[in-house]
Amino acid sequence: MTGAISRHKDEYDLGRASDNFAKTVAHVATLYCAGGSSSVSAYEAYELAASVAYALGIADATPEEAAAVLDVDDPIALWREGVRTLERRTDAALELWREVMATMPPLKNVSLRDTLASLGEMKRSYDVYFAAHEVPCDIDYQLSEPVDPGLKGIGYVEAYLSQLLAETRWIARFDAQSCIFVLERACPDYRGLHVNLYDLLLPHKDELVHAKPS
């Protein structure tokens with residue numbers, strides 16, 4: 001792959017790249033069937049192709065950009081390395097999740113609780129082989145700065161957790177009881193509604209008591 005990148009873009013073999021992509025999708029479809037039916041539906045084929053493209057990092061690539069990746073001798077090995085990369089990114093995202101969990105003050109909100117619980121299962125729920133392009137978690141908690149809806153798979157999770165961690169760090173600067181006092185006044189049902197805690201607290205930051213150093 002390194003050698004291929006050094007070539008001029010016009011030197012990539014689009015036909016070979018296309019054949020390699022088809023070969024990779026066929027390989028993944030065989031794995032997907034796992035000794036069962038020898039064929040997949042049109043919908044399944046489309047989803048598997050989308051998963052392969054995401055694992056290869058070409059989901060939003062132009063034909064020329066995709067050819068720069070796929071004009072190789074062993075596209076299956078390339079896909080396997082893409083899968084391993086997604087697994088490493090998932091591990092890194094779990095580290096972000098753990099930091100959020102360790103930083104978040106004890107402020108109860110149903111959508112936040114359920115979202116964090118789902119994110120904590122991403123290692124188990126993320127299908128890097130057959131659904132790499134799908135977001136592997138149920139994310140209901142609204143952020144102050146929404147994530148780009150065009151992001152897919154673990155990329156969406158990474159962006160979501162980075163923003164949530166930033167908001168969590170800001171909230172953690174303040175005493176939890178003073179946050180609860182402000183939240184109960186600003187939005188009495190903040191625990192049950194789909195609201196963003198940072199957005200509720202920010203207008204009242206001057207009323208919040210800074211947390212004591214641990």
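Residues numbered from 1 in each chain as written. Predicted model: local features only at pLDDT ≥ 70, side-chain atom pairs only at ≥ 80, totals over all residues. Heavy atoms only, no water.

K.L.:
How should the packing of aromatic side chains be read in this particular structure?
P.N.:
Applying the stated criterion to the full structure yields 5 aromatic pairs. Plain terms: the ring middles of Tyr-129 and Phe-130 are 6.2 Å apart, the flat faces sit at 45° to each other, and that makes the pair tilted. Of the residues examined, Tyr-129 reaches a relative accessible area of 37% and is grouped as partly exposed. Grouped by ring-pair contacts, the aromatic residues Tyr-32, Trp-79, Tyr-129 and Phe-130 constitute a single cluster. (Phe/Tyr/Trp six-rings, centres within 6.5 Å; stacked < 30°, edge-to-face > 60°. Buried < 20%, exposed > 50% of the residue type's maximum accessible area, 1.4 Å probe, protein only.)

K.L.:
What is the right way to look at helix 2 (residues 14-33) in this model?
P.N.:
Given 3.6 residues per helical turn, the α-helix brings residues three or four places apart onto the same face. When the terminal C-alpha atoms of helix 2 are compared, their 29 Å separation across 20 residues agrees well with the 28 Å that a helix rising 1.5 Å per residue should span. Of the surrounding secondary structure, the elements contacted by the buried residues of helix 2 are helix 3 (42-56), helix 4 (63-70) and helix 5 (75-103). N-capping of helix 2 is provided by Asp-13, with a side-chain oxygen placed 3.0 Å from the backbone N of Gly-15. (Helix = DSSP H or I, 4+ residues; strand = E, 2+ residues; numbered from the N terminus. Expected span 1.5 Å × (residues − 1). Contact = heavy atoms within 4.5 Å. Polar contact = N/O pair within 3.5 Å; in protein donor to acceptor, adjacent residues only side chain to side chain.)

K.L.:
Can you help me understand the side chain of Thr-90 in this one?
P.N.:
Along the chain, the position of Thr-90 falls in helix 5. The residues contacting Thr-90, other than those within four sequence positions of it, are Met-122, Lys-123, Tyr-126 and Ile-154.

K.L.:
Sorry if this is basic, but what is going on with helix 9 (residues 176-186) here?
P.N.:
Within helix 9, the full set of buried residues consists of Ala-176, Ser-178, Cys-179, Ile-180, Val-182 and Leu-183. Those residues of helix 9 hidden inside the fold are in contact with helix 8 (153-171) and helix 10 (197-201). A distance of 3.1 Å separates the backbone nitrogen of Gln-177 from a side-chain oxygen at the start of helix 9, and that oxygen is part of Asp-175.

K.L.:
Would you explain the nonpolar core in this entry?
P.N.:
Most often, soluble globular proteins have nonpolar side chains that are buried together. With 61 residues, the main nonpolar core has Leu-119 and Met-122 as its most contacted residues. If sequence neighbours within four positions are ignored, Leu-119 has contacts with Leu-94, Trp-97, Cys-137, Ile-139, Val-157, Tyr-160 and Leu-161. (Core = buried A, V, L, I, M, F, W, Y, C linked by side-chain atoms within 4.5 Å.)

K.L.:
I tried to follow the confidence of the model for the protein on my own but got confused; where do I start?
P.N.:
Fine structural detail should not be taken from predicted coordinates in areas where pLDDT scores are low. Here the protein averages 93 in pLDDT, and 93% of its residues register 70 or above. Taken together, the stretch residues 1-7 has pLDDT below 50 and engages in 8 contacts with residues farther than four places along the chain or on a different chain. (pLDDT = per-residue confidence, 0-100.)

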